[in-house]
Amino acid sequence: MTVGEIIKNYRSEKGVPAGTVADALDMSVREYLTVEGGAGEFSEEDISAIADLLGITPEDITEGEEIFVPIAKDEIRFVNSYMRTREHIEGISAYCTFKRPFSVALMVLFSFIFAASAIALFFAFNPFLIVGLVYAPLHIVMQFSTYRRFVKMLVARDKEATGGDLASFEITVTDSEIVCNNSAGNITRIKYNGIKKIVAYKNYLFITTVQGKIYTMERDCFTVGDAQGFIDFAREKGIRV
């Protein structure tokens, strides 16, 4: 077990996001995750600072292979870690704006109104049909405008929360809950009875809660388990996928 793996295990156990540790070391999140992932080394000063932040000793990290007691393997089922790039934000926004059932129903309805109004006007003029002919495409234009505003808002919020860096997310799935950590320092715990459904869309898995909140995983960013295994696990928990 590498030093980075030991630190990551302690972070997961204590619910400390990667971004919090990166800030303590005066690193960007991307730089920190690169070193933690094994493509670099932490200095003695870094290890001491990380130990202080996590409430452990430097020896717990440097000798962690022998003394660290992680969460039982049968509890941690999946771990999904990714950087939320603009492409990722656009994927989330496209789903929320265009692909959710209510949005799809509205798009179909207004497309039908536009087509019906155009056909009816061909046979007889009616001022009410002009309203349908104008408002229907206007609604579709408004959908695209909402999409662009949502992307811009999320990009700006990520930059503000992380000091200009890309936001990083780490989602840990256990037998009892899903824990979402992000580099802005937010930690969310989701119980399975609070999940309404999980939607697979392109490279994303959207976890929708009964409160209407949406949390995201990327299919190819599982560091423990894989996307299909998570989907099967969710179905075993009685969650609609």
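Because the structure is predicted, anything quoted here is derived from the model rather than measured. (Residues numbered from 1 in each chain as written. Predicted model: local features only at pLDDT ≥ 70, side-chain atom pairs only at ≥ 80, totals over all residues. Heavy atoms only, no water.)

Enquirer: Explanation requested: the packing of helix H7 (residues 86-99) against helix H8 (residues 101-123) in the structure shown.
Expert: What describes two packed helices is the angle between their axes and the distance between those same axes. The geometry of H7 relative to H8 is characterised by a closest axis approach of 6 Å and an angle of 55 degrees between their N-to-C directions. Comparing their axes, H8 and H7 come out oblique. Each of Cys96, Thr97, Phe98 and Lys99 in H7 lies in contact with H8, whose residues at this interface are Pro101, Ser103, Val104 and Met107. When grouped by side-chain class, the residues that make up the contact of H7 with H8 number five nonpolar, two polar and one charged. (Axes fitted to C-alpha atoms, helices over the stretch in contact; angles between N-to-C directions. Helix = DSSP H or I, 4+ residues; strand = E, 2+ residues; numbered from the N terminus. Parallel < 35°, antiparallel > 145°, perpendicular 65-115°, else oblique. Contact = heavy atoms within 4.5 Å. Nonpolar A, V, L, I, M, F, W, Y, C, P; charged D, E, K, R; others polar.)

Enquirer: It is not clear to me how the nonpolar core should be interpreted in this structure. Could you clarify?
Expert: Most often, soluble globular proteins have nonpolar side chains that are buried together. By size, the foremost hydrophobic cluster in this structure holds 24 residues, and its most contacted members are Val173, Ile178, Ile195, Ile207, Met217 and Phe230. For this core, the secondary-structure elements that each account for two or more residues are strand S1 (76-84), strand S2 (167-174), strand S3 (177-182), strand S5 (195-201), strand S6 (204-209), strand S7 (214-218) and helix H10 (227-236). The dominant element in this core, judged by the number of residues it contributes, is H10, at five residues. Leave out the neighbours within four places in its chain, and Val173 touches Glu75, Ile76, Arg77, Phe78, Ile178, Tyr192, Met217, Phe230 and Phe233. Judged by nonpolar contacts, the second largest core, of 20 residues, contains Ile6, Val35, Leu54 and Ile61. (Core = buried A, V, L, I, M, F, W, Y, C linked by side-chain atoms within 4.5 Å. Buried < 20%, exposed > 50% of the residue type's maximum accessible area, 1.4 Å probe, protein only.)

Enquirer: Honestly, the sheet that holds S1 in this entry has me stumped. Any pointers?
Expert: Either a parallel or an antiparallel arrangement is found when strands of a sheet pair, and the pairing is made through backbone hydrogen bonds. If you walk across this open sheet you meet the five strands as S4-S3-S2-S1-S8, and the pairing is antiparallel. A single partner strand is all that each edge strand has here, and the edge strands are strand S4 (187-191) and strand S8 (222-224). When strand polarity is set aside, the average angle formed by the axes of neighbouring strands in this sheet is 20 degrees. Sheet topology places S1 next to S8; two bridges connect them, and they run antiparallel. Across the sheet, residue Val79 finds its bridge partner in S8, namely Val224. (Pairing = 2+ DSSP bridges.)

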